[in-house]
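A look at the structure
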Amino acid sequence: MRKSLFFGLPLVLLPVLSLVAPALVAPAGPPGMRGATFSLLAQEPVPTRMVADEMARSRLCVPVLTRLEELNLELEPLARRVDRIGVLYEAVVLEDADRVQPFDDASPEDRRVREWFARDAELAERYAESGNEALLEERRAHRAQLVEALEEAFTSVSEEADAILARDEDLPRLAGECDGAILVRPAVLDRCPEGSESAVCQEARSGAPMGQYRFVEAAEDLWDVEQLRPWSTPSGIGPSPDGMLAGGQTSTVTRRGNVNLGLRLEPLIRERSAVSVEEAAGLDASLEAMGFVFDDPRFVMAPALVIDLDMDQPLDDETHYLLHFGDLSVPAEQVFWTARADQPRPIRDGFPISEGVLVRLMSGEEVTLTAVRIDETSDEVEGIPLFTLGLTSVGQAEAVTALVAYMAGGQLAEDLRSLFPPN
């Protein structure tokens, strides 16, 4: 039996003027699917390559995670110092010593800021008594010097941290394969030196159910671990702290073993001047046919799906991935996205969708990603499904319907005008 649970993830930010696939409308069945047949498996087995790959991953991750633990300990003092410099900088800019008291006499930055506050208070008192404008200029000069010194200290600490990170050029790439991965306990123990005090080795030995790392007893068990996140509740678009736009979308995520699949519905918005006249006309006609109200002439818009398949390498001998409704008994009517397996990972794609796909999403029809092996050498397209990643339909109908209403009813265009006034 699969072990299923719902877990929460933060809302992914939406770049409004994102550039995605240039296709105008996704066809009911992608090229090659019409007339295709699939030999459905009675019971889905564990993917053939997964066991060996996951054993190798777990062995690889022991030294990688151990090095990350050591690196975090080495960088922790620098991280604390950077944070403190930031707080001191803010206190100086706002001229508010209460933000940073008590001062730390062991810190050169703290000592300098404390001395500046004392000197500045003295200059302020002298100015209040005399009204001498030269004292104001002296205060400004001292503050500018201190701000510059704090910026230099920040840069110095950051460069020191960068130099430490540069000692392991491959570590960021390897860490991406190990961070958050579910590990195979026997494979981890095989690589743990006796007496190792690293957290990953200690937790693997202890068998404690809760800890920093997660384990299974056999690589095959990973395929029985499934985590699902319901479709998120959409909201209107609005500014985010990092200068992008948040909201305006609904998404769901599924994880099976160490494979993550995300699907997101959002408005594809592009500046009209950035697309061809033909493409803009096609997008406009598609919206009109669907009854959407979008009356901002500066932009073109289409409802779009964004897929994110985070899988290091093929799990079997699949040649393609299909995103579809139903059981693939009528692939030409069910499949609405395809991708080849022999491409760089992770696989990310975005594409406008047809009214038919949108209606089926609004009705709550479940979406599945199936890995298939397709024989393209024969006269007829024949495929064998190898494994699936199922997305939950919990909250789908409500979330998709609400977002479509927001895109179709004119509110999206109104919010765009509010955020980006025509003048």
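Residues numbered from 1 in each chain as written. Predicted model: local features only at pLDDT ≥ 70, side-chain atom pairs only at ≥ 80, totals over all residues. Heavy atoms only, no water.

1. Quick look at the overall build of the chain
- Along the chain, the regular secondary structure elements total eleven helices and 15 strands.
- By residue count, 45% of the 423 residues in the chain fall in the buried class.
- Residue pairs at least 24 apart in sequence account for 73% of intrachain contacts in the chain once pairs closer than 6 positions are excluded. (Helix = DSSP H or I, 4+ residues; strand = E, 2+ residues; numbered from the N terminus. Buried < 20%, exposed > 50% of the residue type's maximum accessible area, 1.4 Å probe, protein only. Contact = heavy atoms within 4.5 Å.)

2. A look at the nonpolar core
- Judged by nonpolar contacts, the single largest core of 59 residues is most densely connected at Phe292, Leu305, Leu309, Tyr321, Phe336, Trp337 and Leu369.
- Per-element tally for this core: the top contributor is helix α10 (residues 396-408), with seven residues.
- The residues touching Leu305, leaving out its near neighbours within four places in the chain, are Leu263, Arg264, Leu265, Phe336, Asp349, Gly350, Phe351, Ile353, Val357 and Leu361.
- Counting 38 residues, the second-largest nonpolar core is a separate cluster that includes Cys61, Ala91, Leu146 and Cys178. (Core = buried A, V, L, I, M, F, W, Y, C linked by side-chain atoms within 4.5 Å.)

3. Points about the packing of helix α1 (residues 50-94) against helix α6 (residues 199-206)
- Direction vectors running N to C along α1 and α6 enclose 125°, while the axes themselves pass 8 Å from each other. When the interaxial angle is binned, α1 and α6 end up oblique. Contacts from Val62, Leu65, Thr66 and Glu69 of α1 reach α6 at Ala199, Val200 and Cys201.
- Taken together, the residues of the contact of α1 with α6 sort by class into five nonpolar, one polar and one charged. (Axes fitted to C-alpha atoms, helices over the stretch in contact; angles between N-to-C directions. Parallel < 35°, antiparallel > 145°, perpendicular 65-115°, else oblique. Nonpolar A, V, L, I, M, F, W, Y, C, P; charged D, E, K, R; others polar.)

4. Focus: the environment of Ala339
- Looking at the secondary structure, you find Ala339 in strand β12 (residues 335-340).
- As for Ala339 and Ala371, which are separated by 32 residues in sequence, their C-alpha atoms are 9.7 Å apart.
- The contact partners of Ala339, leaving out residues within four places of it in the chain, are Thr319, His320 and Tyr321.

5. Examining the packing of aromatic side chains
- Tallying each qualifying case throughout the model produces four aromatic pairs.
- With centroids separated by 5.6 Å and ring planes inclined at 85°, the aromatic side chains of Trp223 and Phe387 adopt a geometry described as edge-to-face. One end of the pair, Trp223, is in the loop between β4 (214-216) and β5 (225-229); the other, Phe387, is in strand β15 (residues 382-390), with 164 residues separating them in the sequence. Comparing Trp223 with Phe387, the two get one shared label, buried.
- Through a chain of ring-to-ring contacts, three or more aromatic side chains come together here, namely Phe103, Trp116 and Phe117. (Phe/Tyr/Trp six-rings, centres within 6.5 Å; stacked < 30°, edge-to-face > 60°.)

6. Things to note about unusual backbone geometry
- Across the junction of Gln101 and Pro102, the peptide omega takes the value 0°, indicating a cis bond.
- Structurally, the position occupied by Pro102 is in the loop between α1 and α2 (108-130).
- A cis amide bond links Arg345 with the next residue in sequence, Pro346, at an omega value of -10°.
- Locating Pro346 in the fold gives a position in the loop between β12 and β13 (347-352).
- With phi around 55°, Glu95 is a residue other than glycine that occupies positive phi space.
- In this fold, Glu95 is placed in the loop between α1 and α2.

7. Side note on the pattern of salt bridges
- Overall, the coordinates contain 26 salt bridges when judged by the stated rule.
- Asp168 is the salt-bridge partner of Arg67, the closest N and O atoms lying 2.8 Å from each other. With a gap of 101 residues between them, Arg67 in helix α1 and Asp168 in the loop between α3 (133-166) and α4 (171-178) connect regions that are remote in the sequence.
- The exposure class assigned to Arg67 is buried, which follows from its relative accessible area of 18%.
- Judged by its relative accessible area of 24%, Asp168 falls in the partly exposed class.
- Taken together, the shared-partner salt bridges connect Glu95, Asp120, Arg139 and Arg143 into one network. (Salt bridge = Lys/Arg side-chain N within 4 Å of Asp/Glu carboxyl O.)

8. As for the packing of helix α9 (residues 355-362) against α10
- Direction vectors running N to C along α9 and α10 enclose 130°, while the axes themselves pass 7 Å from each other. By the angle between their directions, the pair α9 and α10 is classed as oblique. Contacts between α9 and α10 involve Leu358, Arg360, Leu361 and Met362 on the former and, on the latter, Gln396, Ala397, Val400, Thr401 and Val404.
- Classifying every residue of the contact of α9 with α10 gives six nonpolar, two polar and one charged.

9. Regarding the state of the cysteines
- Inspection of every chain in the model, using the stated rule, returns two disulfides.
- A sulfur-sulfur distance of 2.0 Å marks the disulfide that ties Cys192 to Cys201. Negative torsions about the S-S bond denote left-handed disulfides, and the value of about -95° found for Cys192 with Cys201 makes this one left-handed. Residue Cys192 shares its accessibility class with Cys201, and that shared class is buried.
- Cysteine pairing for the chain, with bonded cysteines counted in sequence order: 1-2, 3-4. (Disulfide = S-S within 2.5 Å.)

10. Describing the side chain of Thr66
- Following the sequence through the fold, Thr66 ends up in helix α1.
- Each residue touching Thr66, except ones within four places of it in the same chain, is listed here: Cys61, Ser198 and Val200.

11. Some words on the confidence of the model for the chain
- The predicted model of the chain has a mean per-residue pLDDT of 87, with 89% of residues at 70 or higher.
- Confidence drops under pLDDT 50 across residues 1-29; counting only partners more than four residues distant or on other chains, this segment forms 89 contacts. (pLDDT = per-residue confidence, 0-100.)

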